[in-house]
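A look at the structure
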Amino acid sequence: MKRDDRRDLGLLLLRLGVGGVLAAHGTQKLFGWFGGHGIEGTGQFMESVGYAPGKVSATAAGLAETGGGTLLALGLATPAAGAAAAGAMAGAAAVHTPNGFFNQGGGYEYAATLGLTAAGLAITGPGRFSVDHLLGHAVNRGWMIPAAFAATAAGTAAVVGARARRLRTAKEGEQEALFEEESME
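Residues numbered from 1 in each chain as written. Predicted model: local features only at pLDDT ≥ 70, side-chain atom pairs only at ≥ 80, totals over all residues. Heavy atoms only, no water.

Okay, the overall build of the protein next. Looking only at helices and strands, one finds 7 helices and 0 strands in the protein. Mapped in sequence order, the helices and strands of the protein form the string α-α-α-α-α-α-α. Counting all 185 residues of the protein, 38% fall into the buried class. Residue pairs in contact within the protein that sit at least 24 positions apart in sequence constitute 64% of those at least 6 positions apart. Accessible area for the protein stands at about 10900 Å²; split by element, carbon and sulfur atoms hold 64% of it. Separation between the mean location of the 14 positive side-chain charges and that of the 15 negative ones in the protein comes to 19 Å. (Helix = DSSP H or I, 4+ residues; strand = E, 2+ residues; numbered from the N terminus. Buried < 20%, exposed > 50% of the residue type's maximum accessible area, 1.4 Å probe, protein only. Contact = heavy atoms within 4.5 Å. Areas by Shrake-Rupley, 256 points an atom, 1.4 Å probe, with all protein chains shown as cover. Lys, Arg positive; Asp, Glu negative; His and termini not counted. Charge placed at Lys NZ, Arg CZ, Asp CG, Glu CD.)

Let's shift gears to the nonpolar core. Formed by 14 residues in total, the largest nonpolar core has its most connected members in L22, L72, A85, M89, L114 and A118. Mapped onto this core, the elements with two or more residues apiece are helix 1 (3-31), helix 3 (54-74), helix 4 (78-96) and helix 5 (109-124). Discounting residues that sit within four places of it in the chain, A118 has contacts with L22, L72, G82, A85 and A86. Judged by nonpolar contacts, the second largest core, of 7 residues, contains V49, A58, A61 and V95. (Core = buried A, V, L, I, M, F, W, Y, C linked by side-chain atoms within 4.5 Å.)

The next thing to look at is the layout of surface pockets. Each pocket or cavity is described by its volume, and for the largest pocket that value is around 950 Å³. Along its surface, the largest pocket is lined by 39 residues, and K29, M46, A61, E65 and A92 are the ones closest to its centre. Put simply, the parts of the chain that give the lining of the largest pocket at least two residues each are helix 1, helix 2 (38-48), helix 3, helix 4, helix 5 and helix 7 (144-172). Ranked by the residues each element gives to the lining of the largest pocket, the list is headed by helix 4, at 8 residues. When the residues that make up the lining of the largest pocket are grouped by side-chain class, the tally is 20 nonpolar, 17 polar and 2 charged. (1 Å grid on protein atoms, 1.4 Å probe; cavity = no way out; pocket = protein on both sides within 12 Å on 5 of 7 lines; lining within 4 Å. Points joined across faces, edges and corners; volume = space filled by probe spheres on them. Nonpolar A, V, L, I, M, F, W, Y, C, P; charged D, E, K, R; others polar.)

Here we come to the packing of aromatic side chains. Summed over all chains, the structure comprises 4 aromatic pairs. Ring geometry for W33 and F34: centres 6.5 Å apart, planes at 85°, overall edge-to-face. W33 sits in the partly exposed class, given a relative accessible area of 46%. The interplanar angle of 85° and the centroid separation of 5.2 Å between the aromatic rings of F101 and Y108 together place this pair among those described as edge-to-face. F101 sits in the partly exposed class, given a relative accessible area of 40%. Among the aromatic residues, ring-to-ring pairing joins F31, W33 and F34 into one connected group. (Phe/Tyr/Trp six-rings, centres within 6.5 Å; stacked < 30°, edge-to-face > 60°.)

Looking now at the environment of D8. With respect to the helices and strands, the residue D8 is situated in helix 1. Separated by 121 residues in the primary sequence, D8 and F129 place their C-alpha atoms 6.4 Å from one another. Excluding anything up to four places from it in sequence, D8 contacts G127, R128 and F129.

Attention shifts here to a nonpolar patch on the surface. Nonpolar side chains collect at one region of the surface, where M1, L9, L13 and F129 lie side by side and expose about 430 Å² of accessible area between them. Along the chain, the position of F129 falls in the loop between helix 5 and helix 6 (131-134). (Patch = residues over 30% accessible without salt bridge, like charges linked within 9 Å, V, L, I, M, F, W, Y side chains within 5 Å. Salt bridge = Lys/Arg side-chain N within 4 Å of Asp/Glu carboxyl O.)

This next bit is on the side chain of K29. The residue K29 is located in helix 1 in this model. Side chain to side chain, K29 and E65 meet in a polar contact 3.0 Å long. Not counting the four nearest positions on each side in its chain, K29 is found in contact with G38, I39, T42, A58, A61, G62 and E65. (Polar contact = N/O pair within 3.5 Å; in protein donor to acceptor, adjacent residues only side chain to side chain.)

A side chain with one charge can pair with a side chain of the opposite charge if their charged atoms come near. Per the stated rule, a full pass over the model turns up 6 salt bridges. For R128, the salt bridge is made with D8, and the minimal N-O distance between the two is 2.4 Å. Remark: D8 occurs in helix 1 and R128 occurs in the loop between helix 5 and helix 6; sequence separation between them is 120 residues. Residue class for D8 comes out buried when judged on its relative accessible area of 0%. For E65, the salt bridge is made with K29, and the minimal N-O distance between the two is 3.0 Å. Of the two residues, E65 is situated in helix 3 and K29 in helix 1; the sequence distance between them amounts to 36 residues. As far as the burial class goes, E65 and K29 line up, both buried.

Structure (structure tokens):
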């Protein structure tokens, strides 16, 4: 097997694996598949972690994961697909960051791995075994990479920033006890 064939096969495997995982996570949010909670349950969770409105946030995350993952797996519109998936994972990582890095402690390791892999695929391209290749890379042009990442970065920064402001405002409304109460027995 030639080196180019190995590279293209490796890209196909990465796209199928990461794209499939992302698409499955997205369908949990959108449709409640694979043990997910659908838009209602995911929307309530999104509200509880500071993403508001919850249903809109759940829909956006679900579409970015399902759409981005499916397109990555197919190797279609790879720059946009990878950037969208990376943006969704940046939003997920923001939720898990207070728990540290490692996934076993609820950290952002998993979201970061999926997001960085999706971003890497967006930059590297899908390889020959892809729909983009079949279409002559009509939706996988070099200029699309920075454009997709710029749009995703702007949207992600706005959404994650708004979440951070909401959480900070909620925390400011809480007051810690000035004195510890001791029970009188």
